[in-house]
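# Chains, contacts and geometry: an overview
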Amino acid sequence: PCRLGFGCWLLLWSTLAAAAPVLVINGATLIDPSKTGDEAVRRDTTILVSDGRIQLAGSGITLELPQGAQVIDARGKWVVPG
């Protein structure tokens, strides 16, 4: 098990980025740094990452995924800018 915190996330991210051209993180609670207070917390979001960049993020998004896309069930997890 990895106990290095950020180093583990970096390793996980590089592994996932190399594994699939499209990554979907589904069900996460997202922190939006452009907002304050309760508006900054967005629950049950879907985040689409392509070519190593976030392409879209929001709640209630329905996507048709390309074959080979990697989907991460992030219910109960938090996504913060970094």
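This text follows the structure it describes.
Described in the following lines is the structure provided in the data block. If you're wondering where the values come from, they're calculated on a predicted model, not measured in any experiment.

Bringing the overall build of the protein chain into the picture now. Tallying secondary structure elements over the protein chain gives one helix and five strands in all. Traced from its N-terminal end to its C-terminal end, the protein chain shows the element sequence α-β-β-β-β-β. Relative to its 82 residues, the protein chain shows a buried fraction of 26%. Carbon and sulfur atoms make up 56% of the accessible area of the protein chain, which amounts to about 6,100 Å² in all.

Here the focus is the pattern of salt bridges. Opposite charge on two side chains permits them to pair, given that their charged atoms come into close proximity. Applying the stated criterion to the full structure yields two salt bridges. The residue Arg75 makes a salt bridge to Asp73 at a minimum N-O spacing of 2.5 Å. Note on Arg75: relative accessible area 61%, which makes it exposed.

The residue Thr45 is located in strand E2 (residues 41-50) in this model. Taking the relative accessible area as the measure of exposure, Thr45 reaches 0% and is therefore buried. Other than its neighbours up to four places away in sequence, Thr45 contacts Ile25, Asn26, Gly27, Ala28, Leu30, Gly58 and Ser59.

Attention shifts here to a nonpolar patch on the surface. Taken together, the side chains of Leu56, Leu63, Leu65 and Val71 make up a nonpolar region of the molecular surface, amounting to roughly 280 Å² of accessible area. Looking at where Leu63 falls in the secondary structure, it is placed in the loop between strand E3 (53-59) and strand E4 (70-73). The exposure class assigned to Leu63 is partly exposed, which follows from its relative accessible area of 31%.

A few words now on unusual backbone geometry. Positive phi, normally seen in glycine, also occurs at Asp44, with a value near 55°. Structurally, Asp44 can be placed in strand E2. Using a relative accessible area of 52% as the deciding quantity, one classes Asp44 as exposed. Positioned with a positive phi, Asp51 is a non-glycine residue whose angle comes to about 55°.

Moving on: the nonpolar core. If you look at the biggest cluster of nonpolar residues, it comprises seven residues: Leu23, Ile25, Ala28, Leu30, Ile47, Val49 and Ala74. By residue number, the principal contributor to this core is strand E1 (residues 22-31), which donates four residues. Those residues in contact with Ile47, other than ones at most four positions away along the chain, are Leu23, Val24, Ile25, Leu30, Ile54, Leu56, Ala57 and Val79.

What follows deals with the environment of Gly60. Inspection of the secondary structure assignment puts Gly60 in the loop between E3 and E4. The exposure class of Gly60 is exposed, given its relative accessible area of 75%. In this structure the C-alpha to C-alpha distance between Gly60 and Asp44, which are 16 residues apart in sequence, comes to 8.1 Å.

What counts, and at which threshold
Residues numbered from 1 in each chain as written. Predicted model: local features only at pLDDT ≥ 70, side-chain atom pairs only at ≥ 80, totals over all residues. Heavy atoms only, no water. Helix = DSSP H or I, 4+ residues; strand = E, 2+ residues; numbered from the N terminus. Buried < 20%, exposed > 50% of the residue type's maximum accessible area, 1.4 Å probe, protein only. Areas by Shrake-Rupley, 256 points an atom, 1.4 Å probe, with all protein chains shown as cover. Salt bridge = Lys/Arg side-chain N within 4 Å of Asp/Glu carboxyl O. Contact = heavy atoms within 4.5 Å. Patch = residues over 30% accessible without salt bridge, like charges linked within 9 Å, V, L, I, M, F, W, Y side chains within 5 Å. Core = buried A, V, L, I, M, F, W, Y, C linked by side-chain atoms within 4.5 Å.

In short, the description is geometric, and any link to function would need to be established separately.
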